[in-house]
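Close look at the chain arrangement
Chain by chain, the residues run as shown.
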Amino acid sequence: MRILAINPGSTSTKIAVYDNENRLFVTTFYHSPEALSHFPTILSQYDYRKELIIDELKKENLFSDFAAIVGRGGLLKPIASGVYEVNEAMKNDLRNATMQHACNLGGLLAEDIALLIPGCKAYIADPVVVDELEDVARLSGSPLMMRKSVFHALNHKAIARKYARSVNKKYEELDLIVAHLGGGISVAAHRQGRVIDVNNALEGSGPFSPERAGTLPARQLVDLCFSGDYTQEEIKKMITGRGGLMAHLGTTDAQNVVKRINEGDARAELVLKSMIYNIAKEIGAMSVVLHGKIDAILLTGGISYNDYCINKLKEYIAFIAPVYVFPGEDEMEALAFNALGVLRGKLNCKEYY
Ligand SMILES: Nc1ncnc2c1ncn2[C@@H]1O[C@H](COP(=O)(O)OP(=O)(O)OP(=O)(O)O)[C@@H](O)[C@H]1O
Ligand SMILES: CCCC(=O)O
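A brief report on the enclosed structure follows. Fair warning: this is a prediction, and the values are worked out from it, not measured in the lab.

1. Some words on the overall build of the chain
For the chain, the helix and strand inventory stands at 12 helices and 12 strands. Taking 20 Å as the expected radius of gyration for a compact globule of 353 residues, we find that the chain reaches 20 Å, a close match to that expectation. Summarising its shape, the C-alpha atoms of the chain cover approximately 55 × 50 × 45 Å along the three principal directions. Counting only residues that meet the buried cut, the chain has 43% of its 353 residues in that class. Once local pairs closer than 6 in sequence are excluded, the contacts in the chain between residues at least 24 apart make up 69%.

2. Regarding the site of ligand 2
Surveying the vicinity of ligand 2 reveals the residues Val 128, Val 150, Phe 151, His 152, Gly 184, Ser 186, Ala 201 and Leu 202. When grouped by side-chain class, the residues that make up the shell around ligand 2 number five nonpolar, three polar and no charged.

3. Things to note about the pairing of strand 1 (residues 2–8)
For strand 1, the buried fraction is high: six of the seven residues fall into the buried class. Where strand 1 meets strand 4 (residues 66–72), five bridges bridge the pair, whose relative direction is parallel. Directly across from Ile 3, in strand 4, lies its bridge partner Ala 68. Two successive antiparallel strands, strand 1 and strand 2 (residues 12–19), enclose a turn made up of three residues.

4. A short note on the nonpolar core
Membership of the largest hydrophobic core comes to 96 residues, with the highest contact counts inside it found for Val 70, Ala 110, Tyr 123, Ala 336 and Ala 339. Ranked by the residues each element gives to this core, the list is headed by helix 10 (residues 266–289), at nine residues. Shared between two domains, this core holds at least three residues of each, these being domain 1 (2–132 + 331–350) and domain 2 (153–327). Ignoring any residue separated from it by four or fewer positions in sequence, one finds Val 70 in contact with Ile 3, Ala 5, Ala 110, Tyr 123, Ile 124, Ala 125, Leu 335, Ala 336, Asn 338 and Ala 339.

5. Focus on the packing of helix 3 (residues 88–95) against helix 4 (residues 104–114)
Each pair of packed helices can be described by the angle between their axes along with the distance between the axes. Packing of helix 3 against helix 4 brings their axes to within 9 Å, and their N-to-C directions diverge by 135°. Classed by the angle they form, the pair helix 3 and helix 4 counts as oblique. Two packed elements cross with a definite hand, and for helix 3 against helix 4 that hand is left-handed. Side by side, helix 3 and helix 4 meet where Met 90, Lys 91 and Leu 94 of the first sit next to Asn 104, Gly 107, Leu 108 and Glu 111 of the second.

6. Describing the sheet that holds strand 8 (residues 185–191)
One open sheet holds the five strands; their spatial order is 9-8-7-10-11, and the pairing between them is mixed. With one partner strand each, in any of the chains shown, strand 9 (194–198) and strand 11 (323–327) form the two edges of the open sheet. Neighbouring strand axes in the sheet, compared pairwise and without regard to direction, differ in orientation by 25° on average. Relative to the sheet, helix 10 contacts strand 7 (175–181), strand 8, strand 9 and strand 10 (296–301), its axis offset from that of strand 8 by approximately 15°.

7. Thoughts on the site of ligand 1
The immediate surroundings of ligand 1 are formed by 16 residues, with Gly 182, Gly 183, Gly 302, Tyr 305 and Asn 306 found nearest. A per-class count over the shell around ligand 1 returns four nonpolar, 10 polar and two charged.

8. Observations regarding the pairing of strand 9
With four of five residues buried, strand 9 is to be regarded as a mostly interior element. Here four bridges tie strand 8 to strand 9, and the two strands are oriented antiparallel to one another. The partner of His 190 across the bridge, within strand 9, is Val 195.

What counts and what doesn't
- Residues numbered from 1 in each chain as written.
- Chains lettered and ligands numbered in written order.
- Predicted model: local features only at pLDDT ≥ 70, side-chain atom pairs only at ≥ 80, totals over all residues.
- Helix = DSSP H or I, 4+ residues; strand = E, 2+ residues; numbered from the N terminus.
- Rg over C-alpha atoms; globule rule 2.2 N^0.38 Å.
- Buried ≥ 20, exposed ≤ 12 C-beta atoms within 10 Å, placed from the backbone.
- Contact = placed C-beta atoms within 7 Å.
- Near = placed C-beta within 6 Å.
- Nonpolar A, V, L, I, M, F, W, Y, C, P; charged D, E, K, R; others polar.
- Pairing = 2+ DSSP bridges.
- Core = buried A, V, L, I, M, F, W, Y, C linked by C-beta atoms within 7 Å.
- Domains from an automatic or database assignment.
- Axes fitted to C-alpha atoms, helices over the stretch in contact; angles between N-to-C directions.
- Parallel < 35°, antiparallel > 145°, perpendicular 65-115°, else oblique.
- Left-handed = near helix turned anticlockwise from the far one by under 90°.

Nothing here speaks to function; it is geometry throughout.
Structural data, given as structure tokens:
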């Protein structure tokens, strides 16, 4: 059975073709800021990304009899973890999502391309809105503002399951802290297969990250909003897109920041150390959520490739539980294997409504 997996990111689109468990092909299209600057919204990038995918598959002679196409799911309503068939309700919510994010294109692209192939199914799996929060984790200090579960659910679950397999246990038997350290950062408490608490990685909570501000001092933020110096859009960009390392150092590239530190840049050193300190604090908070009973801490995402960052982080957190590092992400395989599970009747296909 052939599966096509599609993962649209803010600066790239990744695709992979699987024949059952075997990966036949994977590629990443990088979209330069110039290429994307022609598009006023994420949704308007749709045809551009779709053509890239179809042209590449045709060029590789891989545009064939896919049994399923599975896309990374976007900013839908909060839903349970799992695989969902793309339907009208989902497409409507993806098109009208209040927050723009490239992953909103995943389900739409999957369905549209599947329509070209007779009998081909279209799915999404573990979208960023997977919500398994405990009720106590939902409240903020204002009844007008609830905390939301928005995080790298697909990679969190994939890495947690990979670790569980490596110790011959089920994910559902383990208590884990998983930290995805990418352009955005999410740190979650996984209690026996459920993410009972996690920072909202997209909308301003938790540690700051290469491109996001994380939790900000609330009163100062209010003053900034009403200062008349910034538009609403500019303030939102300070929170997501141009916050964190980008705001302090003008780059989202953690590797470049480490290089600057090695060249003696004291400001870069302070900012990166502060990011790591804040990640460590969030991991500490999740250890309390799990009552200090933690089988392992798993570090993943692009920053996990970097020894400087990982060693500094370990200095803070190693006392909590054993730390394991899974650099990068397993999202393409996770997408494909989720679709395979449904096609083989081993996983339930859920309905979105
Ligand atoms: N070898 C490396 N050393 C240090 N940092 C790295 C390395 N490889 C990638 N990174 C950093 O990882 C970050 C990007 O991580 P990743 O690729 O997981 O993010 P993304 O996919 O763009 O966003 P997200 O993970 O939020 O979906 C960047 O800051 C990048 O510089
Ligand atoms: C929060 C989920 C996705 C991302 O950061 O890109």
